[in-house]
Amino acid sequence: MNYLPRLSEDTIRATLDDGKIAILYGPRQVGKTTLSRHIAHSIDPSYRYWNCDEPDVAQALSGKTSTELGRILGTSGIVVIDEAQRVTNIGITLKLLADTFPDLRIIATGSSSFQLADAINEPLTGRAYYTTVWPLSLSEITKGNQLEASRIIPDLLVHGSYPVVALRETDDIVKYLGNLTKNYIYRDLLNHGVIRSEDTLVRLLKLLALQIGGEISLSSLARDLQIDVATVKRLIDLLEKAFVIHRLTPLSSNRRIGVRKSQKVYFTDLGVRNALIGNLNPIDLRNDTGALWENFCINELRKQASIRSEPVNTYFSRNYANAEVDYVEERGGTLHPYEFKWGKASPRLPKAFRDEFISDPLVVVSPNTIDPLLGA
């Protein structure tokens, strides 16, 4: 994979300069390895790289003393531990490395937050900083060029933003997306053990894919899948922690009341979503363009917040009269409402929203007004 500069690179370098372990989360195939190795090589060309998808590598790092780790490490000034969740008690291994070799810079990556986070949170309290690496952002692909962004958006809505796809590093996008879904998404989730039926997982993903932008019913999903609601909840939670989907909950005037039952589901990558339902037709031959555009815009805004390392709470808003705001960010105590329109409509902030909340003005994002998606 060719290296494309990532906007999170500065954050990761700053983490290493502060003497903390850089933990990189994110879906498989989004470029975590390429990014990690690029940074490591620029710091020390003789850096060590450990790919823990290799069973012997994972075993070699499991249950070792600091002396044994020192022999494996050698004289390298920086180490990349890829797919670190494969190492038994990885949190202890990372703590030993950090405590024994204080000048060593460490990058550890993981493709499922539910596996890596559980193993490292307690041992590495105060020692690590977490960065999520997403599929490529519109700004990264186009380097902020608005004309180029407008040109490629229709393709990104269909094929998604995985580096291999967006940078055209494969001649068969359909095959690549199919393999990505089957070999990584399904495998990782089935290995977690919540459910053993690939058919049930496939059916759930397809049902969610057909409902992007709409409120989902857990009980309805459970009936369709013939499983209990508790299992549906666990599966959706795992899908989110594996970076396949992400959820929005409704905005309330009392944000402390917790998560309501109502929620919307969006896909982290639209190429995966479209491959799941077997529809990779171009935009002008689809009837779900509005939903794709909404999903795409939300993804881009989430990537920007992640790159800025900015704490953001995200919601949608709908009252009993169905007055809706597509997306609301709460940043620094201020609400920022957004509407996403593929067509030429010029919506206004609903009166019900204005009566209940104090917010910044409504931002409307359309193919002709994409500055917010480029961080402008």
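Procedures and definitions
Residues numbered from 1 in each chain as written. Predicted model: local features only at pLDDT ≥ 70, side-chain atom pairs only at ≥ 80, totals over all residues. Heavy atoms only, no water. Pairing = 2+ DSSP bridges. Helix = DSSP H or I, 4+ residues; strand = E, 2+ residues; numbered from the N terminus. Axes fitted to C-alpha atoms, helices over the stretch in contact; angles between N-to-C directions. Core = buried A, V, L, I, M, F, W, Y, C linked by side-chain atoms within 4.5 Å. Buried < 20%, exposed > 50% of the residue type's maximum accessible area, 1.4 Å probe, protein only. Contact = heavy atoms within 4.5 Å. Lys, Arg positive; Asp, Glu negative; His and termini not counted. Salt bridge = Lys/Arg side-chain N within 4 Å of Asp/Glu carboxyl O. Polar contact = N/O pair within 3.5 Å; in protein donor to acceptor, adjacent residues only side chain to side chain. Arc of directions from axis to C-beta.

Visitor: Looking at this structure, I do not really get the sheet that holds strand β3 (residues 78–82). What am I missing?
Guide: Pairing between the strands of a sheet is mediated by backbone hydrogen bonds and can be parallel or antiparallel. In space, the five strands of this open sheet follow the order β2-β3-β4-β1-β5, with parallel pairing throughout. The sheet terminates laterally at β2 (48–51) and β5 (128–132), the two strands that pair on one side only. Averaged over all pairs of adjacent strands, the angle between their axes in this sheet comes to 15°, without regard to strand direction. Where strand β1 (residues 21–25) meets strand β4 (residues 105–110), four bridges bridge the pair, whose relative direction is parallel.

Visitor: How do you make sense of the nonpolar core when you look at a structure like this?
Guide: A general tendency of soluble globular proteins is for nonpolar side chains to be buried together. Core analysis: the largest hydrophobic core is formed by 77 residues, its most contacted members being L208 and W293. Once you skip the residues sitting within four places of it in the chain, L208 turns out to touch I216, L221, I236, L239, I245, V265 and F267. Counting 25 residues, the second largest nonpolar core, distinct from the first, contains C52, A58, A108 and I120.

Visitor: Which parts of the structure should I look at to understand the side chain of D82?
Guide: In this structure, D82 sits in strand β3. Buried charged residue D82 carries no salt bridge. Nearest counter-charge: K32, at 6.2 Å. Within polar-contact distance, the side chain of D82 engages the side chain of T33 at 2.4 Å. At a separation of 2.7 Å, a polar atom in the side chain of D82 contacts the side chain of Y49. The residues contacting D82, other than those within four sequence positions of it, are T33, Y49, W50, N51, C52, D53 and T109.

Visitor: Just to check I follow, could you spell out the sheet that holds strand β8 (residues 313–318) for this structure?
Guide: Taken together, the six strands give an open sheet; going across it, the order is β7-β6-β8-β9-β10-β11, and neighbouring strands pair in mixed fashion. Across the chains shown, the open sheet's two edge strands, defined by having one partner strand only, are β7 (264–267) and β11 (363–365). Strand-to-strand twist in this sheet, taken as the mean axis angle between neighbours without regard to direction, amounts to 35°. Bridge count between strand β6 (residues 245–250) and β7: four bridges; the pairing is antiparallel. Within β7, the position partnered with H246 by the bridge is Y266.

Visitor: Teacher, can you tell me more about helix α1 (residues 9–17) here?
Guide: Helical periodicity: at 3.6 residues per turn, an α-helix aligns residues three or four positions apart in one direction. Listed in full, the buried residues belonging to α1 are E9, T11, I12, T15 and L16. Looking straight down α1, one finds that the buried residues subtend no more than 165° of arc, so they occupy a single side. The exposed residues of α1 that point more than 90 degrees off its buried face are D10 and D17. G19 occupies a position one or two residues after α1 and carries a positive phi of about 80°.

Visitor: Teacher, can you tell me more about the pattern of salt bridges here?
Guide: Opposite charge on two side chains lets them pair, provided their charged atoms get close. Inspection of the entire model under this criterion finds 24 salt bridges. Between E9 and R13 there is a salt bridge whose closest N-O contact spans 2.9 Å. Taken together, the positions of E9 and R13, both in helix α1 and four residues apart, correspond to about one turn of that helix. Relative accessible area serves as the criterion here: at 23%, R13 is assigned to the partly exposed category.

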